[in-house]
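Descriptive analysis of the structure
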Amino acid sequence: RRVLLLGEGNFSFAASLCGAPGTQVVATCYESEEEAAGRGGAARSIRRLRDSGAEVVFSVDCTKLKEHFVPGEREFDRIYFNFPHCGRKAGVVKNRELLACFFHSCAEVLAQEGEVHVALCNGQGGTPADQPRREWHNSWQIVAVAAGAGFILSDVHPFKAETIHGYQCTGYRSQDKSFCVEGALNHIFTRSTPPLCSTPVSCKTQLGSQKVSFQVPQVLVDKINRGFLELNSSHPVRTVKEKLSAGLSQAFPLQNVSSCLPLLHQGHPDGVGHSNIFWITLSPGEAPSPEEMSQGLTNAVLFSHFGQDTDGNVQEGRPTPKQFYLRPSLLPHALAIIKKGAFSPGTLHVLSGPVFRQCQISPHSMPVFHEMLVVLAVSRGTENSWIQMLVDNIKTTVNSLHQGISGIKPSMNLQEATSLGTELHDFAAFECQLGEIQHFLCMGTDPDRSGSCVGVIRTDPDELKSSELVVVSASLNLDLLAMLLCGISDWRMLWTSDRRFLQQFPEGELRLFKSFSLYPPSYVHDVSFWLPDREEFDEVAFHTLARRVSGETVVSIQLRDSFQQPGTGRRSLCYRVTFQSCDRALGCREAAAMQLRFREEMQQHLHVTLR
């Protein structure tokens, strides 16, 4: 591999790498050869480097690397810059500017899978790894600076000067003097995946007896048809589903419903809020007839009061003859199977697939996730014992998986539908809209707390015409289960296109996830606006707009202030919007541009007046 060393003082660090097998060293410094050789020990190190076949280059500007290396010599596998500094008494702002230019320059000469190593004195980086940690404004803000050039911090560890044979630090304030490296850290940066493409995407799907196409809502363009549950997938969501199915098959006769489940529904789901649905407009001339629909969707209900724009936002007052939406649940499909009579009493039927729900922004609120629905017909009066058997089986499987991954036995419990109260997050709250729930299935590591709701249990005594049987169903959020089992703190990481995510999960194996993007920078912006007269403010539409404009980089939206103007009664709201990406580089300029676009689109789509 080719290794580039920048800003060498006395070349002692470069000399320590001499003779490493398979390594071609290019050592450089900013000074001329005459100036560099005057430093203590430099001449000896330079001689050693040249004797070993290394290349030594002088007068190299780390901010203009492309100018110093011809195209065929630019693909460096690793770039080292130890203790960069503008010289003399330069402050934090000057040194941030130096790093910003340096990272942009690195992007032009680094191999695609290459690494950039930057060693900084204790406290300079401004990350939680620094102990003690400086205030943000007084640090070099290295992660945010690197993000502006498309790099993410993938590792950080102590810089142990004493373990580097012959190394002597020098260059304190541009002098031939050493400086304190106790507590110094080596920051390792890698290239980030590029920003998401905002090009509109069309999707083909089966609707009734014909194939139709539709434009995918912008917030879902990178999430439609990802195939996480397909046979050749090694995604942890599929592994969790397979492990749960294997556990259930030991206690119940099990049948996977493998038929293609319709992606679109027609009509409107009973009890579900309009703003929680992704509304779809079919491509012109493709809407099937009612006869064609009846062949494939027995649960379709015509609904024509609401129209929608191309982003799936509901607009009142625009009636449409046929209304379509992305499925928010697999439950209607299970009920359709029951009504058709294709249901075997005593057999556990398993359906799985992605479902789509517009929701507010939070770490565990997902506009799309993979649902696993298990349905069982049991004798009336015995449903409680069957529910307990079902839950015990799920708990045993999940506990075994969690203990095998982390060594910690999780707390998994069944709670009555009335016991969660205001703790319901979006998954459980939406499930309540779909129908009455008897129990919530919750998972956490603290036995004294309820944990996160990962599933709901229902009984429906009326779906079967038989007076002797009752339908028991359990809906599980596979994405949330995968997150809790593998220690993934942000649902967005499940959908990353970065290969480093799936590389941590060999086929059929679940492991604790180690993030490849450490301490991602966050950027806070406030926005305040007057609400339109006589209109209710749609909080979900506000959050969905933020998702779309930012490409899912808004991690938090918090109401800061609500004000009503005396006399006129006009209402004003102020929100704090936090931008942060969990898997790719997000620079401050990019976040600021997103905030400006968000403000513009708020006026257009939500009809508010900015303050």
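Residues numbered from 1 in each chain as written. Predicted model: local features only at pLDDT ≥ 70, side-chain atom pairs only at ≥ 80, totals over all residues. Heavy atoms only, no water.

With respect to the overall build of the protein
Test applied: Runs of E in the DSSP output that reach at least two residues are strands. Runs of H or I that reach at least four are helices, and both are numbered from the N terminus. The rule is simple: take the accessible area with a 1.4 Å probe, protein chains only, and divide by the maximum for that residue type; under 20% is buried, over 50% is exposed, in between is partly exposed. Contacts are assigned to residue pairs that have any heavy atoms within 4.5 Å of one another. Exposure was quantified through the Shrake-Rupley algorithm and a 1.4 Å probe, taking into account, for residues, occlusion by the shown protein chains and nothing else.
Broken down by element type, the protein carries 14 helices and 25 strands. Scored against the burial criterion, the 611 residues of the protein give a buried share of 53%. A separation threshold of at least 6 residues defines the contact pool for the protein, and within that pool the share at least 24 residues apart is 71%. Accessible surface computed for the protein: about 27,800 Å², of which carbon and sulfur atoms make up 48%.

Comments concerning the environment of Ile-338
Note that Ile-338 resides in helix H8 (residues 331-340). Taking the relative accessible area as the measure of exposure, Ile-338 reaches 5% and is therefore buried. Sequence separation of Ile-338 and Val-375 is 37 residues, and the distance between their C-alpha atoms is 9.6 Å.

What to know about the sheet that holds strand E7 (residues 185-191)
The following threshold applies: A strand pair is defined by DSSP finding two or more bridges across the two strands. Each axis is a line fitted through C-alpha atoms, taken for helices only over the stretch in contact, and angles between the N-to-C directions span 0 to 180 degrees.
The strand order across the open sheet formed by 7 strands is E3-E2-E1-E4-E5-E7-E6, and the pairing between neighbours is mixed. The open sheet is flanked by strand E3 (55-57) and strand E6 (151-158), the only strands paired with a single partner. Recorded for the sheet is a direction-independent mean angle of 20° between the axes of neighbouring strands. Note that E6 and E7 share 7 bridges and pair antiparallel. Each bridged residue has a counterpart across the sheet, and for His-157 the counterpart in E7 is Asn-186. Packed onto the sheet, helix H4 (residues 92-106) meets strand E1 (2-6), strand E4 (76-82), strand E5 (110-120), E6 and E7 and runs at close to 155° relative to E5.

Some points on helix H3 (residues 42-51)
Cut-off, in case you're wondering: When we speak of the arc, we mean the arc of directions from the helix axis to the C-beta atoms.
Listed as buried for H3 are Ala-42, Ser-45, Ile-46 and Leu-49. Angular distribution of buried residues about the axis of H3 spans 100°; they occupy a single face of the element. Opposite its buried face, H3 presents the exposed residues Arg-44 and Asp-51, each directed more than 90 degrees away. Structurally, H3 contributes buried residues whose contacts are with helix H1 (12-16), strand E2 (24-28), helix H2 (33-37) and E3.

Details of the confidence of the model for the protein
Selection criterion: Across the chain, each position has a pLDDT score giving the predictor's confidence in that residue, from 0 to 100.
Confidence along the protein averages 85 in pLDDT terms, with 87% of residues attaining 70 or more. Taken together, the stretch residues 295-321 has pLDDT below 50 and engages in 64 contacts with residues farther than four places along the chain or on a different chain.

Quick notes on the pattern of salt bridges
Note the threshold: The working definition used for a salt bridge is a side-chain nitrogen of Lys or Arg within 4 Å of a carboxyl oxygen of Asp or Glu.
What the rule picks out here adds up to 15 salt bridges. Two residues, Arg-499 and Glu-113, come together in a salt bridge whose shortest N-O distance is 2.9 Å. With Arg-499 in helix H12 (residues 499-502) and Glu-113 in strand E5, this residue pair connects regions lying 386 residues apart in the sequence. Put simply, Arg-584 and Glu-590 hold a salt bridge, and the shortest N to O gap is 2.8 Å. Residue classification places Glu-590 among the partly exposed positions, given a relative accessible area of 27%. Overlapping salt bridges bring together Arg-548, Arg-597 and Glu-601 as one network.

Side note on the nonpolar core
Here is the rule we go by: The definition of a nonpolar core used throughout is a set of buried Ala, Val, Leu, Ile, Met, Phe, Trp, Tyr and Cys residues joined through side-chain atoms within 4.5 Å.
Among the nonpolar cores identified, the biggest contains 114 residues, and Phe-529 and Met-602 are the most heavily contacted of them. The biggest single contributor to this core is strand E17 (residues 368-379), with 9 residues. Discounting residues that sit within four places of it in the chain, Met-602 has contacts with Val-527, Phe-529, Phe-542, Leu-545, His-607, Val-608 and Leu-610. Counting 33 residues, the second-largest nonpolar core is a separate cluster that includes Ile-79, Val-145, Leu-153 and Val-156.

Brief notes about the packing of aromatic side chains
The condition that has to hold: The rule is short: rings of Phe, Tyr and Trp, with Trp giving its six-membered ring, pair when the centres are within 6.5 Å, and they are stacked under 30 degrees, edge-to-face over 60, tilted in between.
This model, assessed by the stated rule, comprises 26 aromatic pairs. Pairing Phe-83 with Phe-159 gives two aromatic rings, centres 5.1 Å apart and planes at 85°, and the pair type is edge-to-face. Taken as a pair, Phe-83 in the loop between E4 and H4 and Phe-159 in the loop between E6 and E7 lie far apart in primary sequence, 76 residues in all. Ring centres of Phe-505 and Phe-513 lie 6.5 Å apart, and the angle between their planes is 15°; on these two criteria the pair is classed as stacked. With respect to burial, Phe-505 and Phe-513 carry one shared label: buried.

Points about the pairing of E5
When you tally the buried positions in E5, you get 8 out of 11 residues, the bulk of the element. By the bridge criterion, 6 bridges tie E4 to E5 in an arrangement that is parallel. Each residue of the ladder has a partner; that of Tyr-80, found in E5, is His-117. With 6 bridges connecting them, E5 and E7 associate as antiparallel partners. Residue pairing across strands places His-117 opposite Ile-188, the latter belonging to E7.

Remarks on unusual backbone geometry
Of note, the amide linkage connecting Gln-131 to Pro-132 takes the cis form, showing an omega dihedral of 0°. Structurally, the position occupied by Pro-132 is in the loop between E5 and helix H5 (142-147). The backbone of Phe-83 shows a phi angle near 55°, a positive value even though the residue is not glycine. Positive phi, normally seen in glycine, also occurs at Gln-141, with a value near 50°. On the secondary structure map, Gln-141 appears in the loop between E5 and H5. Classification of Gln-141 by relative accessible area gives buried; the value is 14%.

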